[in-house]
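Descriptive structure summary
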Amino acid sequence: MKTKFLVQCPRSRDDIMCLFPFFLKLNEFYPEAEINVVVDKGLEEVLELLPFKIRIYPLPESLNTIAGIHKFAVNVKDVFNIDFFFDFSFDLKGALTGFCFRAKTRVGEELGAKKFLFNKKMGVAPNRTPLDLIAINYLNSILDVEIDDFFYRLPEIEDGEEEQESNVHQLFEDTRPHFFLLKNSTKNFELWKEFLLLMDRGIVVIWDMKNLAQWQEFKGHPELKVELIIQGEVEGLSFLPDLIKKSEYIVTDDKYLAHACIFYEKRAFLFCNDDYTQINSNYFSNIEDLIITEQDDVVEIYKNGKRKEIRVMDEVQDLIHDVMKL
């Protein structure tokens, strides 16, 4: 009989990203397990970036109350006979989740009234302790042997270049990637247009639902030298994690996608604003390749840990070429 887990997620995207090492190690030690996750509605998109599938249950805002948690648990019929519950919300509502789902072993912080809802109580971590370190300690509490030390690093890029595959329908079956992924969340289409018009060759997969019409029109631009494959055009572009695995590298303005790429051993180049903040992590690297923008202009890049002012998009291309050894 497979082991069943229930995890109450944290209530911020940064903290959910910090759970990735926990989920990867949980999957490693319990490969046949059923992993159920309760997460505040609107934050589930971060969990969808995991390299494997889990069962995600978004908690609607209307039920995100002490009384609502019980109603939510009663209505989720396919989560039952839970062996282990982990609370990473660190609040009373989260602690109540494991109790309402009648989890056999409930692991959580020994603090305040919520401690009475756990039967495996964990010490309170010092302030600013990385959440991924706390989560691995929680996981160790149920294992017979503690997890060996580990760290997910940014991949090192080796020299070498292969010819591009001409049949785009075969791109997603190749062992070696021949394209890169561009995923847009909030940046202006004109920024990406300027970026791609500087490229002299290659294939790029576009993941940008809100600008589909503009991307379709851009494909016919007389100065465009790269081949565009737009989300929805080719079979195999429906599941973002699969696409990450098959990409050579990723260009995006999505902080959480960029960090998730580390767990796929892929390099990501993150377009972000000057107020970008790093994730407080113990078991994985932060993004090193940053392109700082102001409105639709690139103004700085981070290269080799150093900040450098730039004036033109060409220097972004130089950064990618240097890092990827293109």
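Preceding this paragraph is the structure being described.
Reference entry: report on the structure contained in this document. Treat the numbers as computed from the prediction; the structure is a model and nothing was measured.

1. Focus on the pattern of salt bridges
Across all of its chains, the model carries 16 salt bridges by this definition. The partner of lysine 183 in a salt bridge is aspartate 254, with the nearest N and O atoms 3.2 Å apart. Of this pair, lysine 183 sits in strand 7 (residues 180–183) while aspartate 254 is found in the loop between strand 10 (250–252) and helix 10 (255–260), placing the two residues 71 residues apart along the sequence. Taken individually, lysine 183 and aspartate 254 each receive the classification buried, so the pair is uniform in this respect. Put simply, arginine 267 and aspartate 289 hold a salt bridge, and the shortest N to O gap is 2.7 Å. With a gap of 22 residues between them, arginine 267 in the loop between helix 10 and strand 11 (268–272) and aspartate 289 in the loop between strand 11 and strand 12 (290–294) connect regions that are remote in the sequence.

2. With respect to the sheet that holds strand 4 (residues 84–87)
Read from one edge to the other, the open sheet built from 6 strands follows the order 3-2-1-4-5-6, with strand pairing classed as parallel. Either end of the sheet is taken by a strand with one partner, and the two such strands are strand 3 (55–59) and strand 6 (120–122). Taken over all neighbouring pairs, the strand axes of this sheet differ in orientation by 15 degrees on average, direction set aside. Seen against the sheet, helix 5 (residues 92–100) touches strand 1 (4–8), strand 2 (34–40), strand 4 and strand 5 (105–109) and runs at an angle of roughly 170 degrees to strand 4.

3. Let's talk about the nonpolar core
Ranked by size, the top nonpolar core spans 69 residues in total, and within it Phe22, Phe23 and Phe86 carry the most contacts. Counting residues per element, this core draws most heavily on helix 6 (residues 131–140), at 6 residues. Residues contacting phenylalanine 22, with those up to four places away along its chain left out, are Val7, Phe86, Phe88, Ala135, Ile136 and Leu139. Membership of the second largest hydrophobic core comes to 30 residues, among which are Phe195, Ile310, Met313 and Leu319.

4. As for the packing of aromatic side chains
Counting across every chain of the model gives 21 aromatic pairs. Measuring from ring centre to ring centre gives 6.0 Å for tryptophan 215 and phenylalanine 218, while their planes differ by 65 degrees; the resulting arrangement is edge-to-face. Of this pair, tryptophan 215 and phenylalanine 218 both sit in helix 8 (residues 212–218), 3 residues apart, which is roughly one turn of the helix. Owing to a relative accessible area of 0%, tryptophan 215 belongs among the buried residues under this scheme. Grouping aromatic residues by their ring pairs yields a cluster made of Phe5, Phe22, Phe23, Tyr30, Phe84, Phe86, Phe88 and Tyr138. Between the NZ or CZ atom of lysine 4 and the centre of the ring of phenylalanine 80, over which it lies, the distance is 3.8 Å.

5. Some details on the packing of helix 4 (residues 66–75) against helix 5
Put simply, helix 4 and helix 5 touch, their axes get as near as 9 Å, and they point 30 degrees apart. Taken together, the axes of helix 4 and helix 5 lie roughly parallel to each other. For the element pair helix 4 and helix 5, the recorded crossing hand is right-handed. Of the residues in helix 5, those touching helix 4 at Ile66, Ile69, His70 and Ala73 are Leu92, Lys93, Leu96, Thr97 and Cys100.

Basis of the calculations
- The residue count restarts for each chain, going from 1 along the sequence in the order it is written.
- Note on the predicted model: pLDDT of at least 70 is required for a residue's local features to be given, and 80 or more for side-chain atom pairs to be given and counted; whole-chain, interface and lining totals, by contrast, use all residues.
- Neither water nor hydrogens contribute to the side-chain values; these are computed over all heavy atoms in the structure.
- Salt-bridge detection follows one rule: a side-chain nitrogen of Lys or Arg within 4 Å of a carboxyl oxygen of Asp or Glu.
- Think of it this way: any DSSP run of H or I at least four residues long counts as a helix, any run of E at least two long counts as a strand, and we number them from the N terminus.
- Exposure classes here rest on a 1.4 Å probe applied to the protein chains alone. A residue is buried below 20% of its type maximum, exposed above 50%, and partly exposed in between.
- Should DSSP find at least two bridges between two strands, the strands are regarded as paired.
- Helix axes use the C-alpha atoms of the stretch in contact, all axes being lines fitted to C-alpha atoms, and the angles between their N-to-C directions lie in the range 0 to 180 degrees.
- In what follows, residue pairs with any heavy atoms lying within 4.5 Å of each other are defined as contacts.
- We define a nonpolar core as any set of buried Ala, Val, Leu, Ile, Met, Phe, Trp, Tyr and Cys residues linked to one another through side-chain atoms lying within 4.5 Å.
- Pairs were defined over the aromatic rings of Phe, Tyr and Trp, the Trp ring being its six-membered one, requiring ring centres within 6.5 Å. Orientation was assigned from the angle between planes: stacked under 30 degrees, edge-to-face over 60, tilted for the rest.
- Charge over a ring is defined by NZ of Lys or CZ of Arg lying within 6 Å of the ring centre and within 35 degrees of the ring normal.
- Note that the term roughly parallel is reserved for angles under 35 degrees, roughly antiparallel for angles over 145, roughly perpendicular for angles of 65 to 115, and oblique for everything else.
- Crossing handedness: left-handed means the near helix sits turned counterclockwise from the far one by under a right angle, and right-handed means the same turn made clockwise.

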